[in-house]
Amino acid sequence: MINILSLSWSVDSSLGKEDLSRLVFCIILYFLIITTIRERKQIISIINVLLFLAGLEILYSISQFFGFDPIVKNIYSGRMRMLGTIGHHNFLSEYLMMIMPLMAGVYLTTTNKY
């Protein structure tokens, strides 16, 4: 509610609308997840998909680091950057940093070292 009211006082309303759309998307996603996922098996399959996709991002980023990039020729100020399929190196690192605790948790639970 406060976000909607703040749109009337914002200098650039397009940024406020973008933030509002993200907030609405997150709320819808939250309710979609809590109403859809009912079993532990579903959670495990979602975690496996997230880890698989993160692994693909890591492999693709490493290939970009070594100069092999079949999809995009990325040139940022004359340096090669690892972008993955996300499009910006900061977003890639943020995504992988969010997945790392999940990877560690899966590793510790599957190897019984917790």
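Residues numbered from 1 in each chain as written. Predicted model: local features only at pLDDT ≥ 70, side-chain atom pairs only at ≥ 80, totals over all residues. Heavy atoms only, no water.

K.L.:
Tell me about the overall build of the protein chain, and please be specific about residues and values.
P.N.:
A count of helices and strands for the protein chain gives 4 helices and 0 strands. Looking at the protein chain as a whole, 15% of its 114 residues qualify as buried. For the protein chain, restricting intrachain contacts to residue pairs at least 6 apart in sequence, the fraction spanning at least 24 positions comes to 36%. Accessible area for the protein chain stands at about 9200 Å²; split by element, carbon and sulfur atoms hold 72% of it. (Helix = DSSP H or I, 4+ residues; strand = E, 2+ residues; numbered from the N terminus. Buried < 20%, exposed > 50% of the residue type's maximum accessible area, 1.4 Å probe, protein only. Contact = heavy atoms within 4.5 Å. Areas by Shrake-Rupley, 256 points an atom, 1.4 Å probe, with all protein chains shown as cover.)

K.L.:
Which residues make up the packing of helix H3 (residues 40-65) against helix H4 (residues 89-110), and what values go with them?
P.N.:
It is the contact of H3 with H4, at a shortest axis distance of 10 Å, that shows an interaxial angle of 130°. Classified by the interaxial angle, the pair formed by H3 and H4 is oblique. The handedness of the crossing between H3 and H4 is left-handed. Residues Ile47, Leu50, Leu51, Leu53, Ala54, Glu57, Ile58 and Ser61 of H3 form the contact with H4, whose own contacting residues are Leu92, Tyr95, Leu96, Ile99, Leu102, Met103 and Val106. (Axes fitted to C-alpha atoms, helices over the stretch in contact; angles between N-to-C directions. Parallel < 35°, antiparallel > 145°, perpendicular 65-115°, else oblique. Left-handed = near helix turned anticlockwise from the far one by under 90°.)

K.L.:
For the confidence of the model for the protein chain, give the residues involved together with the corresponding values.
P.N.:
With 85% of its residues at a pLDDT of 70 or more, the protein chain has an overall mean of 82. For the protein chain, per-element mean pLDDT is lowest for helix H1 (residues 2-6), which scores 68, and highest for H3, which scores 90. (pLDDT = per-residue confidence, 0-100.)

K.L.:
For a nonpolar patch on the surface, give the residues involved together with the corresponding values.
P.N.:
Together, Leu23, Phe25, Ile27, Leu29, Tyr30, Phe31, Leu32, Ile33 and Ile34 make up an exposed nonpolar region whose accessible area comes to about 860 Å². On the secondary structure map, Ile33 appears in helix H2 (residues 13-36). What makes Ile33 partly exposed here is its relative accessible area of 41%. (Patch = residues over 30% accessible without salt bridge, like charges linked within 9 Å, V, L, I, M, F, W, Y side chains within 5 Å. Salt bridge = Lys/Arg side-chain N within 4 Å of Asp/Glu carboxyl O.)

K.L.:
Give me the lowdown on the nonpolar core, citing residues and values where you can.
P.N.:
Of all hydrophobic cores here, the largest spans 5 residues; its members are Leu51, Ala54, Leu92, Leu96 and Ile99. Mapped by element, the contributors of at least two residues to this core are H3 and H4. Setting aside chain neighbours within four positions, we find Leu92 in contact with Glu57, Ser61, Met82, Leu83, Gly84 and Ile86. (Core = buried A, V, L, I, M, F, W, Y, C linked by side-chain atoms within 4.5 Å.)

K.L.:
How would you explain the environment of Thr111 if you had to name every residue and give the values?
P.N.:
Of note, Thr111 is situated in the segment after H4. Looking at Thr111, the relative accessible area reads 32%, which means it is partly exposed. At 2.7 Å, the side chain of Thr111 and the backbone oxygen of Tyr107 are in polar contact. (Polar contact = N/O pair within 3.5 Å; in protein donor to acceptor, adjacent residues only side chain to side chain.)

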